[in-house]
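Here is what each chain is made of, one letter per residue.
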Amino acid sequence: MTPSIPTVKLNDGHDIPQLGFGVFKVDPDETERIVSDALEAGYRHLDTAAIYGNEEGVGRAIAKSGIPRDELFITTKLWNSDQGTQSAFDAIDLSLEKLGLDSVNLYLIHWPRPDLDRYLETWLAMEQIRDAGKATSIGVSNFHRSHLEKIIAGSSTVPAIDQLELHPTFQQRELRAFGAEHGIAIEAWGPLGQGKYDLFGMPAIAETAAAIGVTPAQVVIRWHLQSGIIVFPKSNSSDRMRANIDVFGFELSPEQMAAIDALDAGNRVGSDPETATF
Ligand code: NDP
């Protein structure tokens, strides 16, 4: 049975399923099969990016599924080398062609790349992409407060989303507070810490999982959901992707939430957006 997944209302009035499926590092040759498994498991929100090289596989799985387009929420992202006005227009057209879609639900600037100083110009192009109907909602990823302030001041659109590295040992409290103040919904990338920290062995997570009778990964996903964060764990395994979506039959208590809140340790798994130059 397809689980019923709650939605979050974005600042532009559109709804996004709070739990989805991410495809970073999913091999392009395996993407069609893995995304087909995810759709079969009940996921309806898919998160890809031009740089992942697997938009075609995502598109083939969507086409094959027969699921009506309006039941799916598809996100892709503009890569750093495509920042700029004309490059952004060309990039969305290429992504749509690869995905086999007329529009995406959400288009994100992948990283701010402050050294390039083109993200405001790119954001103005994103507004035009939205106005042309090629993306229903527009947002950003890896943007810090100063980057958000610059695009809010320089355009007429507050981003619908900021997609950030976010997991129990890197909780992004300041940016989440800024997002709440300005109506910017927060998405977590690396929600399970990409397996780089032993999140699942931490007592606050492992003991909670044992007490409830679920897995540590399910506890972490539930922590994101109950924190109001939009989340899309990635898994190549059909068993793990099914477990990751099976998180609506239990709840973490306020004490269990507080114990995980206390794990925030500033442990990044990815690059610092201020200094990343890829
Ligand atoms: P995640 O935190 O989702 O971790 C994925 C890892 O966890 C994989 O190694 C996976 O292994 C493992 N895993 C998944 N489920 C379980 C489970 N139930 N038990 C144990 N291990 C599990 O990292 P991602 O980086 O993939 O983040 C999620 C999504 O966020 C990405 O796929 C992408 O869409 C997006 N993203 C965005 C970025 C950005 O800059 N905007 C950067 C990075 C990611 P296995 O596959 O073997 O199950």
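The preceding data block contains the structure.
Description of the structure in this document. All values reported here derive from a predicted model rather than from experimental measurement.

Thresholds applied
Residues numbered from 1 in each chain as written. Predicted model: local features only at pLDDT ≥ 70, side-chain atom pairs only at ≥ 80, totals over all residues. Heavy atoms only, no water. Helix = DSSP H or I, 4+ residues; strand = E, 2+ residues; numbered from the N terminus. Rg over C-alpha atoms; globule rule 2.2 N^0.38 Å. Buried < 20%, exposed > 50% of the residue type's maximum accessible area, 1.4 Å probe, protein only. Contact = heavy atoms within 4.5 Å. Areas by Shrake-Rupley, 256 points an atom, 1.4 Å probe, with all protein chains shown as cover. Lys, Arg positive; Asp, Glu negative; His and termini not counted. Charge placed at Lys NZ, Arg CZ, Asp CG, Glu CD. Core = buried A, V, L, I, M, F, W, Y, C linked by side-chain atoms within 4.5 Å. Near = heavy atom within 4 Å. Nonpolar A, V, L, I, M, F, W, Y, C, P; charged D, E, K, R; others polar. Pairing = 2+ DSSP bridges. Phe/Tyr/Trp six-rings, centres within 6.5 Å; stacked < 30°, edge-to-face > 60°. Lys NZ or Arg CZ within 6 Å of the ring centre and 35° of its normal. Expected span 1.5 Å × (residues − 1). Polar contact = N/O pair within 3.5 Å; in protein donor to acceptor, adjacent residues only side chain to side chain.

## A short note on the overall build of the chain
Okay, step 1: In terms of helices and strands, the chain carries ten helices and ten strands.
Okay, step 2: At 18 Å, the chain has a C-alpha radius of gyration in line with the 19 Å of a compact globule built from 278 residues.
Okay, step 3: With respect to the principal axes defined by its C-alpha atoms, the chain has extents near 55 × 40 × 35 Å.
Okay, step 4: By the burial criterion, 53% of the 278 residues in the chain qualify as buried.
Okay, step 5: Look at the contacts in the chain between residues 6 or more apart in sequence, and 74% of them connect residues 24 or more apart.
Okay, step 6: Accessible surface computed for the chain: about 11600 Å², of which carbon and sulfur atoms make up 49%.
Okay, step 7: For the chain, the separation between the mean place of its 23 positive charges and that of its 39 negative charges on side chains is 2 Å.

## Focus on the nonpolar core
Okay, step 1: Core analysis: the biggest nonpolar cluster contains 69 residues, and Leu-19, Phe-21, Leu-46, Ile-74, Val-104, Tyr-107 and Ile-260 have the highest contact counts within it.
Okay, step 2: Element by element, the count of residues in this core is highest for helix α8 (residues 216-226), at six residues.
Okay, step 3: Look past the residues within four positions of Ile-260 in its chain and what remains in contact with it is Pro-168, Gln-171, Ala-204, Ile-205, Val-219, Trp-223 and Leu-252.
Okay, step 4: Judged by nonpolar contacts, the second largest core, of eleven residues, contains Leu-106, Leu-108, Ile-161 and Phe-232.

## Quick word on the site of the ligand
Okay, step 1: Taken together, 26 residues sit near the ligand, with Asp-47, Leu-192, Gln-194, Ser-235 and Arg-240 positioned nearest.
Okay, step 2: Burial of the ligand by the protein amounts to 84% of the accessible area it has alone, namely 900 Å².
Okay, step 3: In terms of residue class, the shell around the ligand is made up of eleven nonpolar, eleven polar and four charged.

## Details of the sheet that holds strand β9 (residues 185-189)
Within a sheet, neighbouring strands are paired by backbone hydrogen bonds and run either parallel or antiparallel to one another.
Okay, step 1: The parallel open sheet is built from eight strands, whose spatial order is β3-β4-β5-β6-β7-β8-β9-β10. In this open sheet, the two strands that pair with only one neighbour each are β3 (21-22) and β10 (230-231).
Okay, step 2: In this sheet, β9 lies alongside strand β8 (residues 161-165) in parallel orientation, the contact comprising five bridges. Within the sheet, the bridge partner assigned to Leu-164 lies in β9 and is Ala-188.

## Quick notes on the packing of aromatic side chains
Okay, step 1: Summed over all chains, the structure comprises six aromatic pairs.
Okay, step 2: Taking the centre distance of 5.2 Å and the plane angle of 55 degrees together, the rings of Phe-21 and Tyr-43 count as tilted. With Phe-21 in strand β3 and Tyr-43 in the loop between α1 (28-41) and β4 (45-47), this residue pair connects regions lying 22 residues apart in the sequence. Of the two residues, Phe-21 and Tyr-43, neither departs from the other in class, the shared state being buried.
Okay, step 3: With centroids separated by 5.9 Å and ring planes inclined at 10 degrees, the aromatic side chains of Trp-79 and Phe-278 adopt a geometry described as stacked. With a gap of 199 residues between them, Trp-79 in the loop between β5 (73-78) and α3 (85-99) and Phe-278 in the segment after α10 (254-261) connect regions that are remote in the sequence.
Okay, step 4: Phe-278 sits in the partly exposed class, given a relative accessible area of 38%.
Okay, step 5: We note Lys-150 situated over the ring of Tyr-119; from NZ or CZ to the ring centre the distance is 5.3 Å.

## Considerations on α1
Okay, step 1: Taking 1.5 Å per residue as the helical rise, α1 with its 14 residues ought to reach 20 Å, and the 20 Å between its terminal C-alpha atoms agrees with that figure.
Okay, step 2: Inspection of α1 places Thr-31, Ile-34, Val-35, Ser-36, Ala-38, Leu-39 and Ala-41 among the buried residues, and these make up the whole buried set.
Okay, step 3: Elements that come into contact with the buried residues of α1 comprise β3, β4, α2 (55-65) and α9 (238-245).
Okay, step 4: The backbone nitrogen of Asp-29 lies 2.8 Å from a side-chain oxygen of the residue at the head of α1, namely Asp-27.
Okay, step 5: Gly-42 sits one or two positions beyond α1 and adopts a positive phi of about 115 degrees.

## Concerning unusual backbone geometry
Okay, step 1: At Lys-25, a residue that is not glycine, the phi angle is positive and equals roughly 70 degrees.
Okay, step 2: Considering the arrangement of structural elements, one finds Lys-25 in the loop between β3 and α1.
Okay, step 3: Classification of Lys-25 as exposed rests on a relative accessible area of 64%.
Okay, step 4: Phi at Gln-194 takes a positive value of approximately 50 degrees, unusual for a residue other than glycine.
Okay, step 5: Following the sequence through the fold, Gln-194 ends up in the loop between β9 and α7 (203-212).
Okay, step 6: According to the relative accessible area criterion, Gln-194 is partly exposed, its value standing at 33%.

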